[in-house]
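Observations on chain architecture
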Amino acid sequence: SGQWSHSDGLKLPSVGDLDGDGKPELVLLESKQPMVVKVLRGSTGDELWKWNGAVPPNFADPCLAIVADAGSVARVRRCVAVTINETGNQWELVLLDHAGQVAERIPYGTNQIWSHDLDGDGGEELVRFLDTKLTATHGLNDTLWTWSPPVGRYAWVSRFDRAADGRVIVGLTSDDAIVLL
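In this text the structure is predicted, and so the values were computed from the model without any measurement. (Residues numbered from 1 in each chain as written. Predicted model: local features only at pLDDT ≥ 70, side-chain atom pairs only at ≥ 80, totals over all residues. Heavy atoms only, no water.)

**Concerning the pairing of strand S15 (residues 168-174)**
- The buried fraction of S15 is high, at 5 of 7 residues.
- As defined by bridge partners, strand S14 (residues 156-162) adjoins S15 across 6 bridges and the pair is classed as antiparallel. By the bridge assignment for S15, Trp-156 is matched with Thr-173.
- Linking two consecutive strands that pair antiparallel, namely S14 and S15, is a turn of 5 residues; a positive phi of about 95° is found at Gly-166 within it. (Buried < 20%, exposed > 50% of the residue type's maximum accessible area, 1.4 Å probe, protein only. Helix = DSSP H or I, 4+ residues; strand = E, 2+ residues; numbered from the N terminus. Pairing = 2+ DSSP bridges.)

**A look at the side chain of Glu-25**
- For Glu-25, the position within the fold is in strand S2 (residues 25-30).
- No salt bridge forms around the buried Glu-25; measuring N to O, its nearest opposite-charge neighbour Arg-41 is 5.0 Å away.
- Those residues in contact with Glu-25, other than ones at most four positions away along the chain, are Ser-14, Val-15, Gly-16, Asp-17, Leu-18, Asp-19, Val-39, Leu-40, Gly-42 and Leu-48. (Lys, Arg positive; Asp, Glu negative; His and termini not counted. Salt bridge = Lys/Arg side-chain N within 4 Å of Asp/Glu carboxyl O. Contact = heavy atoms within 4.5 Å.)

**A few points about the pairing of strand S8 (residues 91-96)**
- In terms of burial, S8 is largely enclosed, as 6 of its 6 residues are buried.
- The two faces of S8 match: Trp-91, Leu-93 and Leu-95 on one face and Glu-92, Val-94 and Leu-96 on the other face are all buried.
- In this structure, S8 lies alongside strand S9 (residues 102-108), joined through 6 bridges in antiparallel fashion. What sits directly across from Leu-96, in S9, is Val-102.
- The hairpin formed by S8 and S9 contains 5 residues between the paired strands, and Gly-100 there has a positive phi angle of roughly 90°.

**Section: the nonpolar core**
- With 22 residues, the main nonpolar core has Val-127, Leu-134, Val-157, Phe-160 and Leu-172 as its most contacted residues.
- Listing elements by their share of this core, those giving two or more residues are strand S7 (76-85), S8, strand S10 (113-116), strand S11 (125-130), strand S12 (133-138), S14 and S15.
- Here Val-157 is in contact with Trp-114, Val-127, Leu-134, Val-170, Gly-171 and Leu-172, once residues within four sequence places are set aside.
- Formed by 12 residues, the second largest nonpolar core is a distinct cluster that contains Val-39, Val-80, Val-82 and Ile-84. (Core = buried A, V, L, I, M, F, W, Y, C linked by side-chain atoms within 4.5 Å.)

**A closer look at the pattern of salt bridges**
- Taken as a whole and judged by the stated rule, the model has 3 salt bridges.
- As a salt-bridge pair, Arg-105 and Glu-92 come within 3.0 Å of each other at their nearest N and O atoms. A residue pair is termed long-range when its members are at least 10 positions apart, and Arg-105 in strand S9 and Glu-92 in strand S8 qualify at 13 residues.
- Residue class for Arg-105 comes out partly exposed when judged on its relative accessible area of 33%.
- Arg-167 is paired through a salt bridge with Asp-165; the nearest N and O atoms lie 2.8 Å apart. For the pair shown, Arg-167 and Asp-165 are each scored as exposed.

In short, shape yes, function no, at least from these values alone.
Written out as structure tokens, the structure reads:
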């Protein structure tokens, strides 16, 4: 627990063990221009690193996601996933590694991303839209499930809950309805 003086212009904290040391880090997004993703040591509030996109970027909220590397033996790397629109024309999904370096950067059609431990393994899966389907993945490519909203409707993830039997419930708002997956 702690309280730090980094609150000027910082919002939407995500908390997670980004560097694998068993202690939480805080991932924050500066709300003033130029927007910056900043990571603080959870125990002291010391700044570990910060990342700036090009100026002036349009950022969406950062989320902490645990991403599995591809290869013969999957190993887990923890990344900060953030969407950014540097040109005004194309959103990109950027994965930043535990040291703040770009691990992967791909074109992306929207600024909506979420993360949550959907399968109970202790690692967070990435929830995002691929084309028109809401998709949950380990990393970027290992798909757990997809869901398509009704034609002509939108959907926005609003909540994650865990049922008594361990299932995860994903709450979505969709036009005038609430959808539970």
